[in-house]
Amino acid sequence: MKITLAVFILTAAFLFSGCASISGPAAKNSVNIYRYNRVPHICFFPAAQAKWDGYKVTNKDWDQLDEYQKLVFILEGVKELEKNEAVVIALTDTSRTITALDYGVNKINKEIPKTRISMISFMYDVLKDAKMVAPSQAKKGGEDELRKL
């Protein structure tokens, strides 16, 4: 599913600008499936070991996460993406990243309300657009070795 380039650019620009944004309230009638009594050891990733499957978290669920869960989603998600995509992600300011994702999700939910986007995919696209993603050394080394052949 394609998201408008404008949303990604605005979200990436927001990530760099450091502007503050307040998350929109969750729908009053929605059930929060991300409640917990004890903080889980693994919240979202890897999905097989986590309390919640991070691949199932969408833009419609994002506002149900508390600030701690959003932070953990980002930290665990970065590790998951680095492993699965063979990249290195330079995450320098998690607070700004949360704010940027909140901003982007709120914009998507307002402009295209019927759209459901996987948050891990959205986060990866935002981080790539913000130039925070680079190929890992192992991947670069493998490409260099192939060129020698």
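Look above for the structure.
The rules we used
Residues numbered from 1 in each chain as written. Predicted model: local features only at pLDDT ≥ 70, side-chain atom pairs only at ≥ 80, totals over all residues. Heavy atoms only, no water. Phe/Tyr/Trp six-rings, centres within 6.5 Å; stacked < 30°, edge-to-face > 60°. Helix = DSSP H or I, 4+ residues; strand = E, 2+ residues; numbered from the N terminus. Buried < 20%, exposed > 50% of the residue type's maximum accessible area, 1.4 Å probe, protein only. Salt bridge = Lys/Arg side-chain N within 4 Å of Asp/Glu carboxyl O. Axes fitted to C-alpha atoms, helices over the stretch in contact; angles between N-to-C directions. Left-handed = near helix turned anticlockwise from the far one by under 90°. Contact = heavy atoms within 4.5 Å. Nonpolar A, V, L, I, M, F, W, Y, C, P; charged D, E, K, R; others polar.

S.K.: Can you help me understand the packing of aromatic side chains in this one?
M.R.: The geometry of an aromatic ring pair comes down to the distance between the two centres and the angle between the two planes. Following the criterion strictly, the structure yields eight aromatic pairs and no others. With a centroid separation of 5.5 Å and 75 degrees between ring planes, the pair formed by Trp62 and Phe73 is classed as edge-to-face. Linking Trp62 in the loop between helix H1 (5-17) and helix H2 (67-85) with Phe73 in helix H2, this pair joins segments that are eleven residues apart in sequence. The residues Trp62 and Phe73 share a single accessibility class, namely buried. Each residue in the set Tyr34, Tyr36, Phe44, Phe45, Trp52, Tyr55, Trp62 and Phe73 is aromatic and connected to the rest through ring pairs, giving one cluster.

S.K.: What is the right way to read the pattern of salt bridges from this model?
M.R.: Should their charged atoms come close, side chains of opposite charge can pair. All told, the structure shown has six salt bridges when counted by the stated rule. Put simply, Asp61 and Arg116 hold a salt bridge, and the shortest N to O gap is 3.9 Å. Placement of Asp61 in the loop between H1 and H2 and of Arg116 in the loop between helix H3 (94-111) and helix H4 (119-129) is noted, with a sequence separation of 55 residues between them. For Asp61, a relative accessible area of 11% puts it in the buried group.

S.K.: It is not clear to me how the environment of Phe44 should be interpreted in this structure. Could you clarify?
M.R.: You can see Phe44 is positioned in the loop between H1 and H2. For the pair Phe44 and Gly54, spaced ten residues apart in the sequence, the C-alpha separation amounts to 4.3 Å.

S.K.: Just to check I follow, could you spell out the packing of H3 against H4 for this structure?
M.R.: Working note: a packed helix pair is described by the angle between its axes plus the distance between those axes. Running from N to C, H3 and H4 point in directions that differ by 115 degrees, and their axes come no closer than 11 Å. In the crossing of H3 with H4, the sense of the turn from one axis to the other is right-handed. Contacts from Thr97, Leu101, Gly104, Val105 and Ile108 of H3 reach H4 at Met119, Phe122, Met123, Val126 and Leu127. Class assignment for the residues of the contact of H3 with H4 results in eight nonpolar, two polar and no charged.

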